[in-house]
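In case you want the letters, here they are:
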Protein chains: 2
Amino acid sequence: MMAKSQTHSDGDLGDLLRVRDGFVLADVDTRSTPGYGQTKSDAQDDLAAGAEEFDELQERLYAQSRENPDSPAVLLVLQAMDTAGKGGIVRHVIGATDPQGIHLKAFKKPTPEELEHDFLWRIEREVPRAGYIGVFDRSHYEDVLIGRVRSLATPDEIERRYDAINDFERRITDAGVHLVKVMLHISKDEQRERLAERLERPDKHWKFNPGDIDERQLWDDYMGAYQVVLDRTSTPHAPWHVVPADRKWYARLAVQALLLDVLERIDPQWPVASFDVEAEKERLAAS
Amino acid sequence: MMAKSQTHSDGDLGDLLRVRDGFVLADVDTRSTPGYGQTKSDAQDDLAAGAEEFDELQERLYAQSRENPDSPAVLLVLQAMDTAGKGGIVRHVIGATDPQGIHLKAFKKPTPEELEHDFLWRIEREVPRAGYIGVFDRSHYEDVLIGRVRSLATPDEIERRYDAINDFERRITDAGVHLVKVMLHISKDEQRERLAERLERPDKHWKFNPGDIDERQLWDDYMGAYQVVLDRTSTPHAPWHVVPADRKWYARLAVQALLLDVLERIDPQWPVASFDVEAEKERLAAS
């Protein structure tokens, strides 16, 4: 995929999607496909080719960590409005590799126990260990998104959280966790169509929740809260990427490319045996 | 796959592999392919077809549980000697479905904290919730396998554990967890070849541990301990299946068939909407 993104795309996808100073969320065209000029059907081939590369890099990342507990991990943080396609990313991008190397956590409404602790308490416990690829389906960012929009904490507390998040992310990146933060960005119209489909199809009813429409009615407030998140927490060590997601095939390809990019930078190596290979061959032959 | 196993096989795979009174482990031909007369290349096609069926049934199982916290779960318990292919089952059978519906747990050597508790303490915490497919890569059976072979507990304690396991499994099956217990069974010669391959290939060295040969030297003791497990804990509510595993393609197909079998017996249904679909369509249109 990285090779692909170099071949097929107009530039480095990570660069194109990265949130820098002055980034304006409202200016993003959610139907656009930055850095990818090919068709949907090409994208499917490229996704399949990228899946093989992802699978090999994941195995190396895991293998490397077996002999060295200080080796790196990867953490994909997925944030989005409802129906934007987080589940599809998990299924089609992450699902392409060995489940044994994945640590997946979906953060729901906090439990009473979780609410008794600082908002990062439940997050900290799910940071992936060395060698794992962690995936957060929603995350600590909910505490400054719905937290802000629904006034679930005081303004001072919300304010405190942006810095707390930056400190937390600085600490885990220093400890070897490579963060890939992604906002999947759909339009309000696209969301209407996707919710309508869930209401049309009885096999999709279970994915619909009347609360989804309540949140939808606060769309502009959410976009405002996302803009603040991007302004305050897109840091050099943990930048945000806004991925236009009205076209699911593009969003999947883009998130895969971001993951391949970080894995290639890690460049994990098969570990050198910590035992005497020839001696073990002799023991095996004698057993 | 179930349709397949009816079409292509000489009988119901679950029936053929199930451990009943009088079962003798030493009589199993580890290279055999009970109930499947086709070739390896047919098996790959059948595995792919079964994967689609598995994926759909998994989604239904998960969906059903969203509205009903008492709905069933599935728990695959995998036990085997080293190199028998547990990892390949997770990757190629379980990996075919949505990671979001899978609860995978690999049980390693118990930690000091775990050792302070009853052997079932750490197991209990990982029993899958309603709607999930749990996978135990090793399990509570280690405590009567290596536990017995290496005398990690007194004979009385080991003795107590068989009944404790049966009680535990009875309780969780009563609570709606459908247990699929599988021993992947390879020959000692096959293990030698697989360990030799790990020693030959630098990209496989990380999978090798000198301790594997120590355990291999106790092969007959382990087979004896497995025979006791099968005698004592293959119950009507939680039967064991011994899957000949010298041919990886057969083992994968067989475990997939066992899972499809239990999922088809559960026959999960898309849940009926708990909200007024028409009213929600109107709210959506107005939003």
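Presented here is a report on the structure given in the accompanying data block. What you see is a predicted model; the values in this text were computed from it and never measured.

1. Description of the overall build of chain A
Part 1 of the reasoning: Of regular secondary structure, chain A possesses 13 helices and 5 strands.
Part 2 of the reasoning: For chain A, the C-alpha radius of gyration of 20 Å lies close to 19 Å, the compact-globule estimate for 287 residues.
Part 3 of the reasoning: For chain A, the spread of C-alpha atoms along the principal axes amounts to about 70 × 50 × 45 Å.
Part 4 of the reasoning: Relative to its 287 residues, chain A shows a buried fraction of 54%.
Part 5 of the reasoning: Sequence separation of 24 or more characterises 82% of the internal contacts of chain A that already satisfy a separation of 6 or more.
Part 6 of the reasoning: For chain A, the computed accessible surface area is about 12,800 Å², with 46% contributed by carbon and sulfur atoms.

2. Quick word on the packing of aromatic side chains
Remark: the centre distance and the inter-plane angle together describe each pair of aromatic rings, the angle taken between the planes.
Part 1 of the reasoning: Evaluated as defined, the whole model comprises 14 aromatic pairs over all chains.
Part 2 of the reasoning: On the numbers, 4.9 Å between centres and 55° between planes, the contact of F275 of chain A with F208 of chain B is tilted. Of this pair, F275 of chain A sits in the loop between helix 12 (248-266) and helix 13 (277-285) while F208 of chain B sits in the loop between helix 9 (188-200) and helix 10 (210-216), on two different chains.
Part 3 of the reasoning: On the basis of relative accessible area, F275 of chain A is assigned to the buried category, the value being 13%.
Part 4 of the reasoning: Residue classification places F208 of chain B among the buried positions, given a relative accessible area of 5%.
Part 5 of the reasoning: An aromatic cluster is defined as three or more aromatic residues linked by ring pairs; in this entry it consists of Y36, W249 and Y250 of chain A.
Part 6 of the reasoning: When the ring centre of Y62 of chain A is taken as origin, the NZ or CZ atom of R66 of chain A, which lies over that ring, is 4.2 Å away.
Part 7 of the reasoning: The ring of F107 of chain B has K105 of chain B lying over it, and the distance from NZ or CZ to the ring centre is 5.8 Å.

3. Concerning the sheet that holds strand 1 (residues 73-80) of chain A
Working definition: the strands of a sheet are paired by backbone hydrogen bonds and lie parallel or antiparallel to each other.
Residue and element names in this part refer to chain A.
Part 1 of the reasoning: Strand order in this open sheet of 5 strands is 2-3-1-4-5, and the pairing throughout is parallel. Strand pairing shows two members of the sheet lacking a second neighbour, strand 2 (102-106) and strand 5 (240-244), which therefore form its edges. Taking each pair of neighbouring strands and ignoring which way they run, the sheet shows an average axis angle of 20°.
Part 2 of the reasoning: Relative to strand 3 (residues 133-137), strand 1 runs parallel, the two sharing 5 bridges. By the bridge assignment for strand 3, V74 is matched with I133.
Part 3 of the reasoning: Contacts from helix 8 (residues 155-174) reach strand 1 and strand 4 (177-185), with the element oriented near 135° to strand 4.

4. With respect to the interface of chain A and chain B
Part 1 of the reasoning: Taken together, the contact between chain A and chain B spans 42 residues of the former and 42 residues of the latter.
Part 2 of the reasoning: At the boundary of chain A with chain B, total buried surface from both sides reaches about 4,000 Å², with 61% on carbon and sulfur atoms.
Part 3 of the reasoning: The largest share of the area that chain A buries against chain B comes from R91, W206 and L284 of chain A, three residues that together contribute 19% of it.
Part 4 of the reasoning: The tally of links from chain A across to chain B stands at 8 salt bridges.
Part 5 of the reasoning: As a salt-bridge pair, E200 of chain B and K281 of chain A come within 3.2 Å of each other at their nearest N and O atoms.
Part 6 of the reasoning: For the side of chain A that touches chain B, the secondary-structure elements that each account for two or more residues are helix 3 (40-67), helix 4 (86-92), helix 9 (188-200), helix 10 (210-216) and helix 13 of chain A.
Part 7 of the reasoning: By residue class, the composition of the side of chain A that touches chain B is 20 nonpolar, 6 polar and 16 charged.

5. A few points about the packing of helix 8 (residues 155-174) of chain B against helix 11 (residues 219-233) of chain B
Residue and element names in this part refer to chain B.
Part 1 of the reasoning: At a closest axis distance of 10 Å, the pairing of helix 8 and helix 11 adopts a crossing angle of 45°. As judged from the angle between their axes, helix 8 and helix 11 are oblique. The two elements helix 8 and helix 11 meet at a crossing, and its hand is right-handed. Residues E159, Y162, D163, I165, N166 and E169 of helix 8 form the contact with helix 11, whose participating residues are V228, V229, R232 and T233.
Part 2 of the reasoning: For the contact of helix 8 with helix 11, the residue count by class is 4 nonpolar, 2 polar and 4 charged.

6. Points about the nonpolar core
The nonpolar side chains of a soluble globular protein tend to be buried, and buried together.
Part 1 of the reasoning: Core analysis: the biggest nonpolar cluster contains 77 residues, and V74, L76, V182, L184, V243 and L259 of chain B have the highest contact counts within it.
Part 2 of the reasoning: In terms of residue count, the dominant contributor to this core is helix 12 (residues 248-266) of chain B (13 residues).
Part 3 of the reasoning: Once you skip the residues sitting within four places of it in the chain, L76 of chain B turns out to touch I89, I94, G134, V135, F136, V180, V182, V255 and L259 of chain B.
Part 4 of the reasoning: The next biggest cluster of nonpolar side chains, apart from the first, holds 76 residues, and it includes A73, V177, W249 and L263 of chain A.

7. Side note on the pattern of salt bridges
Where charged atoms from two side chains of opposite charge approach closely, those side chains can pair.
Residues and elements named next belong to chain A.
Part 1 of the reasoning: The tally for this structure, following the rule as stated, stands at 52 salt bridges over all chains.
Part 2 of the reasoning: Between E190 and R31 there is a salt bridge; the shortest N-O distance is 4.0 Å. Residue E190 is located in helix 9, and its partner R31 is located in the loop between helix 2 (13-17) and helix 3; the two are separated by 159 residues in the primary sequence.
Part 3 of the reasoning: By relative accessible area, E190 is classed as buried at 12%.
Part 4 of the reasoning: Notably, a salt bridge pairs D189 with R192, separated by 3.3 Å at the nearest N-O pair. One end of the pair, D189, and the other, R192, are both in helix 9, 3 residues apart, so they sit about a helical turn from each other.
Part 5 of the reasoning: Taking the relative accessible area as the measure of exposure, R192 reaches 28% and is therefore partly exposed.
Part 6 of the reasoning: The network of salt bridges with shared partners includes D118, E157, R160 and R161.

8. Quick look at helix 11 of chain B
Part 1 of the reasoning: Counted at 1.5 Å a residue, the expected span for helix 11 of chain B with its 15 residues is 21 Å, and the 21 Å between its end C-alpha atoms agrees.
Part 2 of the reasoning: Among the residues of helix 11 of chain B, W219, Y222, M223, A225, Y226, Q227, V228, V229, L230 and T233 of chain B are the ones counted as buried.

9. Some words on the relation of the copies chain A and chain B
Part 1 of the reasoning: Take chain A, turn it by 180°, move it 0.0 Å along the axis, and it overlays chain B with an RMSD of 0.0 Å. Each copy turns onto its partner about a two-fold axis.
Part 2 of the reasoning: A share of 100% of the interface residues of chain A reappears at the interface of chain B, consistent with the copies meeting face to face through the same patch.

10. Regarding the side chain of S71 of chain B
All names here are of chain B.
Part 1 of the reasoning: Tracing the chain through its elements places S71 in the loop between helix 3 (40-67) and strand 1 (73-80).
Part 2 of the reasoning: Residue classification places S71 among the buried positions, given a relative accessible area of 7%.
Part 3 of the reasoning: In terms of polar contacts, S71 uses its side chain to reach the backbone carbonyl oxygen of N68, at 2.7 Å.
Part 4 of the reasoning: If we skip the residues at most four places from it in the chain, S71 touches Q64, S65, A130 and G131.

11. A closer look at the side chain of S287 of chain A
Part 1 of the reasoning: Along the chain, S287 of chain A turns up in the segment after helix 13.
Part 2 of the reasoning: Side-chain polar atoms of S287 of chain A contact the side chain of R216 of chain B, separated by 2.7 Å.
Part 3 of the reasoning: With near-sequence residues (within four places) excluded, S287 of chain A lies in contact with K188, R192, I213, R216 and Q217 of chain B.

Rules used throughout
- Along every chain, residues carry numbers that run from 1 in the direction the sequence is written.
- By the order in which they are written, chains take letters starting at A while ligands take numbers starting at 1.
- Restriction of local features to residues with pLDDT of at least 70 applies here, the model being predicted, together with a cutoff of 80 or more for giving and counting side-chain atom pairs; totals for whole chains, interfaces and linings are based on all residues.
- Side-chain measures were taken over the full set of non-hydrogen atoms in the model, leaving aside hydrogen atoms and water.
- Comment: elements are numbered from the N terminus, with helices defined as DSSP H or I runs of at least four residues and strands as E runs of at least two.
- C-alpha atoms define the radius of gyration, and 2.2 Å times the number of residues to the power 0.38 defines the globule rule.
- The buried label goes to any residue with under 20% of its type's maximum accessible area, the exposed label to any with over 50%, and the partly exposed label to all in between, with areas taken from a 1.4 Å probe on protein chains only.
- We call two residues in contact whenever any of their non-hydrogen atoms come within 4.5 Å of each other.
- In these tables, accessible area is a Shrake-Rupley quantity obtained with a 1.4 Å probe, and a residue counts as shielded only by the protein chains included in the view.
- Here is the rule: rings of Phe, Tyr and Trp (six-membered ring for Trp) pair when centre to centre is within 6.5 Å. Planes less than 30 degrees apart are stacked, more than 60 are edge-to-face, and the remainder are tilted.
- Here, a charge over a ring is recorded when the distance from Lys NZ or Arg CZ to the ring centre is within 6 Å and its angle to the ring normal is within 35 degrees.
- Between any two strands, pairing holds if DSSP finds at least two bridges.
- Inter-axis angles, ranging from 0 to 180 degrees, are taken between N-to-C directions of lines fitted to C-alpha atoms, where helices are fitted over the stretch in contact.
- Accessible surface is computed with a 1.4 Å probe, and the buried area is the amount of it that two parts give up when combined, taken over both parts together.
- By salt bridge we mean one thing: a side-chain nitrogen of Lys or Arg within 4 Å of a carboxyl oxygen of Asp or Glu.
- Under the grouping applied here, Gly and all other residues not named as nonpolar or charged are polar, the nonpolar ones being Ala, Val, Leu, Ile, Met, Phe, Trp, Tyr, Cys and Pro and the charged ones Asp, Glu, Lys and Arg.
- Should an angle lie under 35 degrees it is considered roughly parallel, over 145 roughly antiparallel, and from 65 to 115 roughly perpendicular; all remaining angles are considered oblique.
- Helix crossings get a hand from a simple test, with the near helix turned counterclockwise from the far one by less than a right angle marking a left-handed crossing and a clockwise turn marking a right-handed one.
- Residues belong to a common nonpolar core when they are buried Ala, Val, Leu, Ile, Met, Phe, Trp, Tyr or Cys residues joined through side-chain atoms within 4.5 Å.
- How far a helix is expected to stretch is found by multiplying one less than its residue total by 1.5 Å.
- The fit set for superposing copies consists of C-alpha atoms from residues with pLDDT of at least 70 in both; the fit itself is least squares.
- By the criterion applied in these results, polar contacts are pairs of N or O atoms within 3.5 Å in which, for protein atoms, one can donate a hydrogen and the other can accept it, and in which residues neighboring in sequence qualify only through two side-chain atoms.

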